[in-house]
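Inside the fold
Chain by chain, the residues run as shown.
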Amino acid sequence: MKVPLSWLKEYIEITLDPHEIARLLTFAGLEVESINFIGLPQPDQLQNQTSIYGLEWDRNNIIVADINKVEHHPNADRLVLAQLYDGEVTHTVLTGAPNLFQYKDQGELAQPLKVAYAREGAQLYDGHNSNQELITIKRKKIRGVESYSMACSEKELGISDEHEGIIVFDSDAPKAGTPLVDYIGDAVFDIAITPNMARNLNILGVARELGALTKTPINPPTTNITISKSIQSPLEMPKIEIAEPELNPRFTATLIENIQIKPSPYWMQLRLRMSGMRPINNVVDITNYVMLETGQPLHAFDYDVLRNRSETKVPVISTRLPKSGEKIVTLDGINRNLDDFTILVADNTGALSIGGIMGGSDSEVSDDTKNILLEAASWDLINIRQTVTSQQMQSSQAGYRFSRGVSPEIAASSNHRAAEMIRSLGNGKIIHKFVDKYPRHYVPNTVKLPIGEIQRSLGVDIPTDEVVSILIALDFTVEQKKNILHVTAPSHRLDIGIAEIGIADIIEEIARIWGFENIPETQISDLMPRQENNTLLEKEEKIRDILVNLGLQEVITYRISSPENEQLLHPIENGPYVHLANPITPERSAMRRSLLSSVLECAQDNLRFQQRIALFEVGPVYLPELSSSNEQSSLPLEAQRLSIVLSGQRLSLSWINNRVETMDYFDLKGIIDQLIQTAHISNYTIDVASHPAFQAGAVARLTIDGSQAGLFGVLHPDIASKYDLREYPTLAADFDLMAFVDAMPDHYSSNPIPRFPAIIEDIALIVDDRINNAEVVASIVKSGGATLTKVQLFDLFRGEQIGANKKSLAYRLTYQSEVKTLTDKDAAKLRNKIVKTLQKELGAQLRSE
Amino acid sequence: MLESLDTIKTTALSELQKTSDKETLRLWYSKHLSKNSPLIKSLRNLSNVAPQDRPAIGKHANHIRNVLEEAYKERTHDLHQSIASTRQKLADLDITLPGRSLNRGRLHIATQTLRRIYTIWADMGFQIYRSREIETDELNFELLNIPLHHPARDMWDTFHTSTPGVILRTHTSPGQIHAMRANAPDPIRVILPGMCYRYEQITARSEIQFNQVEGLAIGTNIRFTDLKGTLTDFARRMFGNSTRTRFRASHFPFTEPSAEMDVECFLCSGEGCRVCKKTGWLEILGCGMVHPAVLTNGGYEPNKHTGFAFGMGPERIAMLKYGIDDIRHFWGNDLRFLEQF
Ligand SMILES: [Zn+2]
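Residues numbered from 1 in each chain as written. Chains lettered and ligands numbered in written order. Predicted model: local features only at pLDDT ≥ 70, side-chain atom pairs only at ≥ 80, totals over all residues. Heavy atoms only, no water.

A short note on the overall build of chain B
Helices and strands together make up the secondary structure of chain B, namely twelve helices and nine strands. Taken against the 2.2 N^0.38 rule, which gives 20 Å for 341 residues, the C-alpha radius of gyration of chain B at 37 Å runs more than 25% over that of a compact globule. Taking the principal axes of the C-alpha coordinates as reference, chain B spans close to 115 × 45 × 45 Å. Evaluated residue by residue, chain B yields a buried proportion of 55% over its 341 residues. The contacts of chain B with a sequence gap of at least 6 include a subset with a gap of at least 24, amounting to 67%. Summed over all atoms, the accessible surface of chain B reaches about 15200 Å², with 50% contributed by carbon and sulfur. Positive and negative charge centroids in chain B, built from 43 and 38 side chains respectively, lie 7 Å apart. (Helix = DSSP H or I, 4+ residues; strand = E, 2+ residues; numbered from the N terminus. Rg over C-alpha atoms; globule rule 2.2 N^0.38 Å. Buried < 20%, exposed > 50% of the residue type's maximum accessible area, 1.4 Å probe, protein only. Contact = heavy atoms within 4.5 Å. Areas by Shrake-Rupley, 256 points an atom, 1.4 Å probe, with all protein chains shown as cover. Lys, Arg positive; Asp, Glu negative; His and termini not counted. Charge placed at Lys NZ, Arg CZ, Asp CG, Glu CD.)

So, in structure tokens, the structure goes:
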């Protein structure tokens, strides 16, 4: 919300600098996001601590001036020459401002036009540039007439975007020569108002906060109303009926007669624009002005339209829920199908407005309006919010305020305030007494606050008289009964709850005004809770560490994907998915079921820039067909998975070995071997598997502790090419992370360093091709017993010498005893046993030299 | 017999020339001069030879043994020389040539930041409590004092799933309820890390998914002063020992009083820079005393128990610390970005 300092000062006498005000408000929870300095000198950034911007006006060169005469330009139709008096001399000023054309060639004006005048050398914004581009006014000739100064628009002065014409001040503007900054220089605070502070969505609310923070009383605006009792009105007041008092606790209306619709005075237009609103006409502007001032949204009906809709010419206005199928065309021109819960203002003919949010176009105030009915009502915030959401009317300022809560107590006073302004600025009359239907009266809320509660929550002992004075400054009434403060909230504090919540609400108020910076810092002295490990997380992080140590880069991808994305990898499987009801794009419409699919997309994205891709991700997939076990509701299972993708060159380019080596199955297998080993997983098997996403024969299944951990292998080239991974083979693994985590032991034992020397020997075997390495190693390990400490495959060979469907495998065996130095005899015996077993079990033959 | 000894000699000497290092020398020695080698065996088994031949064969075998021992010593010496000379040559190399390339892996910067946060909080006795990402409206909002249609709901733009009442959590705060219900009435000191989701356009400044770390301390004597002290300790650990903090009043429906904690900008030491928008301060986290309604919903008694909670965004912290200007880099996973950390 934008709050001009000059407006604030109307309700509170305050001499603090803008940045000091910003600091006070920000620390009290009204975060000043920026200050726009309009003409005023800007403070040193450092003492400020708030973001600031704006244009400073040179006191000598930017001043108030009088235009006394407007003449046509000799050579240009779209320019005029203004005779302008700057307090010392008269200048001829060239301008194209359309709002001066009406005065062209009328001779000396009866009343001078008060304008903002910039002398030669003044710095302003370029009015023709869409950005705020600084320019300095220089002497030049335009169409044969010398120009060295100008009358300014709001845009040129950095007040608003308005550049339709030059500023023409109200006639009570100060005398020519007055520095402009002394007249309308301002600082506009942009304040973020949190939902609990709806009471401060208006200038008066902010003034009230500032009053409490500075212990300064505030002067609320007058709500006196001038009723012309002596005049007979040709009109009758409407009858008001409230059908749903819970949704519409109060409805007030004033009839203002015989008014003139015209532009508002400049001072009001200026304030509205500084507050971010567009001036329209005096009636609409005043309703907006009072809304910004007090927080009460108001609505003006063209009363003659209402009368004409009524047979008796005495409108009966009711607030009610819609009839089935009822519609209304609102001010924004939209024909709306009404929800059955939306509260309406209607007459006997039909809907007039959506209560508290937007008027109907039928009864809108127009240039011809003579009599208006001014409404100030109060509405149920939840109900208003439902309609705002359902009808997508978030841009309605009234809806915004009512959906956050407006006290019913301010309806009447705000109605008076606005009615009186319309009467005086529209030259109208108020003849009838206003109507006030108030079926659900505001009930004051008193909270019993035990004084000890303040210290129990805040940890600081604030003197009770200080507490009382803070609350009184915030308009609470306080009565102390022994150790309990009976605190009654003022009517604008709809945010104060009851019982414990009310206590917390009031303690927050005390802390906020006392100042968080005045509350000391302590260490927790409360009992330390029982400390435990988070074993699951620790093991997950261990797996991350292992993979990083093996040279893989961790990635974290979007967990919101789409079935279409995942079908690239899983053309057959399809869901079920956790679908989003409101996706931002079709590509992110459902929670992923496949982690590998996401990592492959990531590989694809990196392809253009990398020779080597070695990625892993640990993260969840979302499986709605499996519910989480320990919850009563059936929420989808969030299953942690691990995916690995390798593709490209094994090592980056090097002068030492500039041969390009491509990663293959065994790069991935090596990583998986190391992962299993480093995680101390012992009970696992690796078997041949098949899966359409992988190349046949080059995919393996990892089983840990009897349960399937997942697949790894060479991605099928057809699948890989869908991810543009064509140049190199793509190796991929997709695992259930929990299979690893569950199998990772909490404890494992180490072995002593061997004390006795080892005997190392090599054996070369010829076996059938169908026998795999794991079988051979298993046989060797089994027969080698505890003395065989290491088996390393160091050669694999197929060829004519060996015979068809045969292969030669050479292993280096290490024999080592924990208790003695092995003799050659021992070694020979063991070797014999191993070879015999291999011959018997696998038909292996020792390969002769 | 003598001839076969000569063959052994020839073979051994020729094989010796092929040795290239310590290991091949060792193998050569074990083949030709160890006690299992044919030569030494033949010396040991002289008794099997006819008595008249023994002196000649014995002498010849010993001679060969000496020759081979000598040749072995010489070869060992030569090889040492050659290794040394290679070293000598290396000294002439361009020592600025790049080393051999290695493949180095890295944790994602978000994980690195999370781990730093975990460590600091672990040191202060806060343990990690994780909970689910797909949540009910009840857990994500209602039990956290954010009723349906409440204006506070405007603070979160929510992804809804096609199952009514089931949403993607907008913050890790539902974990507060899970943790409380698992521990009540015992004291709690936990942090709640994890991925959260917001229905937003993806821009340089906003993402649809982001990590959050919330913290929760509940006990019978946890006060606002403790909140300030604990979070200032965290800020010093996270941003440096001279870090200053300030607390501003703010609003979150699940805490009261609520505050924002700013730290003095560590990039400009509070002098004002682009990152801190020339204010000298950076907004780092939101915090407050646990709201009585939330305490009640978690199974605690507001007139007995108090607590504080806080929440921070690891990606935001990383952006500030490393001058990252676009939040999309995190899940974009461009290796040229990730490899910088
Ligand atoms: Zn800075």
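There's more to say after this.
A few points about the nonpolar core
Counting 120 residues, the largest nonpolar core has A:F189, B:W121 and B:F310 as the members making the most contacts within it. Discounting residues that sit within four places of it in the chain, B:W121 has contacts with B:F126, B:I191, B:T230, B:L231, B:F234, B:F310 and B:M312. Core analysis: the next-biggest nonpolar cluster, separate from the first, contains 53 residues, A:V578, A:A689, A:V699 and A:L715 among them. (Core = buried A, V, L, I, M, F, W, Y, C linked by side-chain atoms within 4.5 Å.)

Section: the packing of helix α5 (residues 266-274) of chain A against helix α6 (residues 282-294) of chain A
Between two packed helices, what matters for the description is the angle formed by their axes and the separation of those axes. Residue and element names in this part refer to chain A. For the pair α5 and α6, the least separation of the axes is 10 Å and the interaxial angle reads 55°. Here α6 runs oblique to α5, going by the angle between their axes. Regarding α5 and α6, the two cross each other, and that crossing is left-handed. For the pair α5 and α6, contact is made by W267, M268, R271 and L272 and by D285, I286, N288, Y289 and L292, respectively. The residue inventory of the contact of α5 with α6, partitioned by class, reads six nonpolar, one polar and two charged. (Axes fitted to C-alpha atoms, helices over the stretch in contact; angles between N-to-C directions. Parallel < 35°, antiparallel > 145°, perpendicular 65-115°, else oblique. Left-handed = near helix turned anticlockwise from the far one by under 90°. Nonpolar A, V, L, I, M, F, W, Y, C, P; charged D, E, K, R; others polar.)

A word on empty space enclosed by the protein
All names here are of chain A. Inspection of the entire model under this criterion finds two cavities of 30 Å³ or more. Roughly 50 Å³ of volume is contained in the largest cavity. Around the largest cavity, the lining residues are R199, N200, G205, R208, E209, L474, H492 and R493. Across the lining of the largest cavity, the residue classes break down as one nonpolar, three polar and four charged. In this structure, the second largest cavity spans a volume of roughly 30 Å³. In terms of lining residues, the second largest cavity is bounded by L306, R309, S310, P315, V316, D347, N348 and T349. Partitioning the lining of the second largest cavity into residue classes produces three nonpolar, three polar and two charged. (1 Å grid on protein atoms, 1.4 Å probe; cavity = no way out; pocket = protein on both sides within 12 Å on 5 of 7 lines; lining within 4 Å. Points joined across faces, edges and corners; volume = space filled by probe spheres on them.)

Comments concerning the sheet that holds strand β20 (residues 344-346) of chain A
All names here are of chain A. Spatial strand order, β14-β17-β20-β21-β22: five strands in an open sheet with mixed pairing. Sheet topology places β14 (239-242) and β22 (358-359) at the edges, where each strand pairs with a single neighbour. Examined bridge by bridge, strand β21 (residues 351-354) and β22 share two bridges and lie antiparallel to one another. Paired with S353 across the two strands is G359, which belongs to β22. (Pairing = 2+ DSSP bridges.)

Focus on the domain arrangement of chain B
Looking at the assigned domains, one finds that chain B contains domain 1 (2-92) and domain 2 (109-338). Computed over C-alpha atoms only, the centres of domain 1 of chain B and domain 2 of chain B are separated by 75 Å. (Domains from an automatic or database assignment.)

What about the coordination of the zinc ion?
Residues and elements named next belong to chain B. Around the zinc ion, the donor atoms from the protein are C265 (SG), C268 (SG), C273 (SG) and C276 (SG), and they sit 2.2 to 2.3 Å away. Each of the four donor atoms around the zinc ion contributes to a set of angles spanning 101 to 114°, which defines the coordination as tetrahedral. Spacing between the donor residues of the zinc ion along their common chain follows C-x2-C-x4-C-x2-C. We classify C273 as buried; its relative accessible area is 19%. Residue C276 is classed as buried on the basis of its relative accessible area, which comes to 3%. (Donors = N, O, S within 2.8 Å, 3.2 Å for Na, K, Ca; no water. Tetrahedral: all angles 85-135°; square planar, octahedral: opposite > 155°, others 65-115°.)

Some points on the interface of chain B and chain A
Taken together, the contact between chain B and chain A spans 107 residues of the former and 98 residues of the latter. Surface buried jointly by chain B and chain A totals about 8800 Å² across both partners, of which 54% is contributed by carbon and sulfur atoms. For the pair chain B and chain A, the interface holds six salt bridges. One salt bridge in this structure joins B:R115 and A:D545, with 2.8 Å as the shortest N-O distance. Inspection of the chain B/chain A interface yields 55 residue pairs in polar contact (both at pLDDT 80 or more). Sorting elements by how many residues they give to the side of chain B that touches chain A places helix α8 (residues 224-239) of chain B first, with eight residues. Its residues placed into classes, the side of chain B that touches chain A shows 41 nonpolar, 38 polar and 28 charged. (Buried area = accessible area lost by both parts, 1.4 Å probe. Salt bridge = Lys/Arg side-chain N within 4 Å of Asp/Glu carboxyl O. Polar contact = N/O pair within 3.5 Å; in protein donor to acceptor, adjacent residues only side chain to side chain.)

As for the packing of aromatic side chains
Scanning the model with the defined rule gives 26 aromatic pairs over all chains in all. An aromatic cluster of three or more residues is present, and its members are A:Y665, A:F666, A:F712, A:F735 and A:F740. Here the basic side chain of B:R336 rests over the ring of A:F609, its NZ or CZ set 3.4 Å away from the ring centre. (Phe/Tyr/Trp six-rings, centres within 6.5 Å; stacked < 30°, edge-to-face > 60°. Lys NZ or Arg CZ within 6 Å of the ring centre and 35° of its normal.)

Thoughts on unusual backbone geometry
Residue and element names in this part refer to chain B. A cis geometry characterises the amide bond from A184 onward to P185, with omega recorded as 0°. Topologically, P185 is positioned in the loop between α7 (174-183) and β4 (188-197). Of the consecutive residues E256 and P257, the connecting peptide bond is found in the cis state with omega at -5°. Relative to the helices and strands, P257 is located in strand β7 (residues 255-264). Although it is not a glycine, S269 sits at a positive phi angle of roughly 50°. Among the secondary structure elements, S269 is positioned in the loop between β7 and β8 (281-290).

Some details on a nonpolar patch on the surface
A surface patch of nonpolar side chains, amounting to about 260 Å² of accessible area, comprises A:W655, A:I656 and B:L97. With respect to the helices, strands and loops of the structure, A:I656 is situated in the loop between β33 (636-648) and α17 (665-678). (Patch = residues over 30% accessible without salt bridge, like charges linked within 9 Å, V, L, I, M, F, W, Y side chains within 5 Å.)

What to know about helix α12 (residues 464-473) of chain A
Residue and element names in this part refer to chain A. Within α12, burial applies to V467, V468, I470 and L471. All buried residues of α12 lie within an arc of 160° about the axis, which places them on one face of the element. Its buried side turned inward, α12 meets α11 (452-458), β26 (477-481), β27 (484-488) and α13 (499-514). One or two steps after α12, the chain reaches D475, where phi turns positive at roughly 75°. (Arc of directions from axis to C-beta.)

Observations regarding the sheet that holds strand β25 (residues 446-450) of chain A
Residues and elements named next belong to chain A. With antiparallel pairing, three strands are arranged side by side in an open sheet as β25-β27-β26. Here the strands that pair on one side only, and so sit at the sheet edges, are β25 and β26. Each neighbouring strand pair of the sheet contributes to a mean axis angle of 25°, computed without reference to strand direction. Strand contacts of α13: β25 and β27, with the helix running at about 75° to β25, the strand carrying the most contacts.

Details of α6(A)
Residue and element names in this part refer to chain A. A rise of 1.5 Å per residue sets the reference length of α6, with its 13 residues, at 18 Å; its end C-alpha atoms lie 18 Å apart and thus fit the reference within 8%. Judged by how many residues are buried, α6 sits mostly within the fold: twelve of 13 residues are covered. If you check which residues of α6 are buried, you get N282, V283, D285, I286, T287, N288, Y289, V290, M291, L292, E293 and T294. The N-terminus of α6 is capped by N281, whose side-chain oxygen sits 3.1 Å from the backbone nitrogen of V283. (Expected span 1.5 Å × (residues − 1).)

Concerning the pairing of strand β7 (residues 113-118) of chain A
All names here are of chain A. Among the six residues in β7, six count as buried, and that is most of the element. Side chains L113, V115 and Y117 project from β7 onto one buried face, and the interleaved K114, A116 and A118 project onto a second face that is buried too. Where strand β4 (residues 62-72) meets β7, six bridges bridge the pair, whose relative direction is antiparallel. Opposite I67, over in β7, you have L113 as the bridge partner.

Some words on the environment of A:N549
Here A:N549 lies in helix α14 (residues 535-549). Placed 122 residues apart in sequence, A:N549 and A:I671 show a C-alpha to C-alpha distance of 10.0 Å.

A word on the pattern of salt bridges
Scanning the entire structure with this criterion turns up 70 salt bridges over all chains. We note a salt bridge from A:R544 to A:E540, for which the minimum N-O separation is 3.2 Å. Of this pair, A:R544 and A:E540 both sit in helix α14, separated by four residues, roughly a single helical turn. Each member of the pair A:R544 and A:E540 is classed as buried. For the salt bridge of B:R130 with A:E540, the shortest nitrogen-to-oxygen distance reads 3.1 Å.

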